[in-house]
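Structure at a glance
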Amino acid sequence: MSSASDPLAALTSLPGVPDAVDSVRKAVDRVYGHRVMRRRAGEITSEAALRAARGSAALSGADWALEEVRRRSDFGSEEQARTVGAALRLTAEAGQLLSIWRQSPMRVLARLHLVAVGQVKAGAAAGSEPGSGTDPHAGDIVGRPRLAGEPVDEPLVTLALPDAQEVAGRLEGLSGLIIGGGSAPALVTAAVVHGELLALRPFGSYNGLVARAAERIVLINSGLDPKAICPAEVGHAEQGSAAYLAAFEGYVSGTAEGMAAWIAHCGRAVELGVRESTAVCEALQRGAA
């Protein structure tokens, strides 16, 4: 497929991107080859999901200790708790949407936003019982791109918002790229999906959480991380919000250098997620977890 029909393929040859792709592939292969993965992969997947949710929530302003996330059961009492609850629901839901993603990415994104707000329960069938409705965003128009004049609550990202018409057009383009497939490596596709959704902020709330959940879906669905044990969200949080925003501004710039820096940043996030799961494997091997 030519770069004209597969725009993401052109990003693969940007300076530093081939090295990032290769480094991620090697890191993922190493953790999948860990001896603990042969016997206790399910436990690693569950722990990675918890840590992924904690990391994504931290970037959205709810930087809780892992053990606090693990022990809490009430996530509707205040803003940070709602953010953590949304991140947990999204992480759980992502794995349920893999079969739909390549056929209808917009349907998946709408579903992710509904789950984040709590309008539907994670893992529930479409059209099933709504969530508790304790999130104040539940009264907003949810599960669809914003219209002209509708506000966006996304405190981490302060860059100018694209207007609703631009959002609609770029979402259509992104959807076409996903449905069309292509030859770009999983890291490149995941970074573009993440960056584009964060740049557009198409929903009224929880755009960062949804963008990182979509990145997660791409990494799993592509076959790079089929067992969901390499949580990029952990790595994004570990690198810090300042580095995250600086790399994201490179994406928004649209320059070759900026795009390459964003893809490399996302690659490093995956590698740090691998490191986290490797530590969990080793703890289990020692009997410490």
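If you're wondering where the values come from, they're calculated on a predicted model, not measured in any experiment. (Residues numbered from 1 in each chain as written. Predicted model: local features only at pLDDT ≥ 70, side-chain atom pairs only at ≥ 80, totals over all residues. Heavy atoms only, no water.)

As for unusual backbone geometry
The backbone phi angle of Tyr206 is positive, close to 60°, even though this residue is not glycine. Structurally, Tyr206 can be placed in the loop between α9 (186-200) and α10 (207-221). On the basis of relative accessibility, which here comes to 10%, the residue Tyr206 falls in the buried class. Within the chain, Ala228 stands out as a residue other than glycine whose phi angle is a positive 55°. Mapped onto the secondary structure, Ala228 falls in the loop between α10 and α11 (232-239). (Helix = DSSP H or I, 4+ residues; strand = E, 2+ residues; numbered from the N terminus. Buried < 20%, exposed > 50% of the residue type's maximum accessible area, 1.4 Å probe, protein only.)

Let's talk about the environment of Ser13
Among the structural elements, Ser13 can be located in the loop between α1 (7-11) and α2 (17-32). Separated by 171 residues in the primary sequence, Ser13 and Ala184 place their C-alpha atoms 9.9 Å from one another. Engagement of the side chain of Ser13 in a polar contact is seen with the backbone oxygen of Ala10, the distance being 3.1 Å. (Polar contact = N/O pair within 3.5 Å; in protein donor to acceptor, adjacent residues only side chain to side chain.)

With respect to α2
Between its first and last C-alpha, α2 extends 23 Å over 16 residues, near the 22 Å set by a 1.5 Å rise per residue. Restricting attention to buried positions, one finds in α2 the residues Val17, Ala20, Val21, Val24, Ala27, Val28 and Val31. One side of α2 carries all its buried residues, which in axial view fall inside an arc of 135°. Residues of α2 that are exposed and point more than 90 degrees away from the buried face comprise Asp19 and Arg30. Its buried side turned inward, α2 meets α1, α3 (37-59), α9 and α13 (256-286). (Expected span 1.5 Å × (residues − 1). Arc of directions from axis to C-beta. Contact = heavy atoms within 4.5 Å.)

Here we look at α11
Most of α11 sits inside the fold, with six of its eight residues counted as buried. Buried within α11 are the following residues: Ala232, Glu233, Val234, Gly235, His236 and Ala237. Once α11 ends, the next one or two residues include Gly240, with phi positive near 95°.

Description of the packing of aromatic side chains
In this description, an aromatic ring pair is defined by two values, namely the gap between the centres and the angle between the planes. What the rule picks out here adds up to three aromatic pairs. Taken together, a centroid distance of 6.0 Å and an interplanar angle of 65° make the contact between Phe248 and Trp262 edge-to-face. Residue Phe248 is located in helix α12 (residues 241-253), and its partner Trp262 is located in helix α13; the two are separated by 14 residues in the primary sequence. Take Phe248 and Trp262: they sit in the same class, and that class is buried. Members of the aromatic cluster, connected to one another through ring pairs, are Tyr244, Phe248, Tyr251 and Trp262. (Phe/Tyr/Trp six-rings, centres within 6.5 Å; stacked < 30°, edge-to-face > 60°.)

Details of the packing of α2 against α13
Orientation of α2 relative to α13, taken along the N-to-C sense of each, is 10°, at an axis distance of 9 Å. For the element pair α2 / α13, the angle class is roughly parallel. Here α2 runs over α13; the crossing is left-handed. Residue-level contacts link Val17, Ala20, Ser23, Val24, Ala27, Val28 and Val31 of α2 to Ala260, Ile263, Ala264, Gly267, Val270, Glu271, Val274, Ser277 and Thr278 of α13. Of the residues contributing to the contact of α2 with α13, the split by class is 11 nonpolar, four polar and one charged. (Axes fitted to C-alpha atoms, helices over the stretch in contact; angles between N-to-C directions. Parallel < 35°, antiparallel > 145°, perpendicular 65-115°, else oblique. Left-handed = near helix turned anticlockwise from the far one by under 90°. Nonpolar A, V, L, I, M, F, W, Y, C, P; charged D, E, K, R; others polar.)

A look at the pattern of salt bridges
Where charged atoms from two side chains of opposite charge come close, those side chains can pair. On inspection of all chains with the given rule, the structure shows 16 salt bridges. Across the pair Glu47 and Arg51 runs a salt bridge, and its minimum N-O distance is 2.9 Å. Placement of both Glu47 and Arg51 in helix α3 is noted, with a separation of four residues, approximately one turn of the helix. Accessibility assignment for this pair places Glu47 and Arg51 in one class, buried. In this structure, a network of salt bridges that share partners links the residues Glu47, Arg51, Glu67, Arg70 and Glu276. (Salt bridge = Lys/Arg side-chain N within 4 Å of Asp/Glu carboxyl O.)

It is worth stressing that arrangement in space is one thing and function is another; only the former is reported here.
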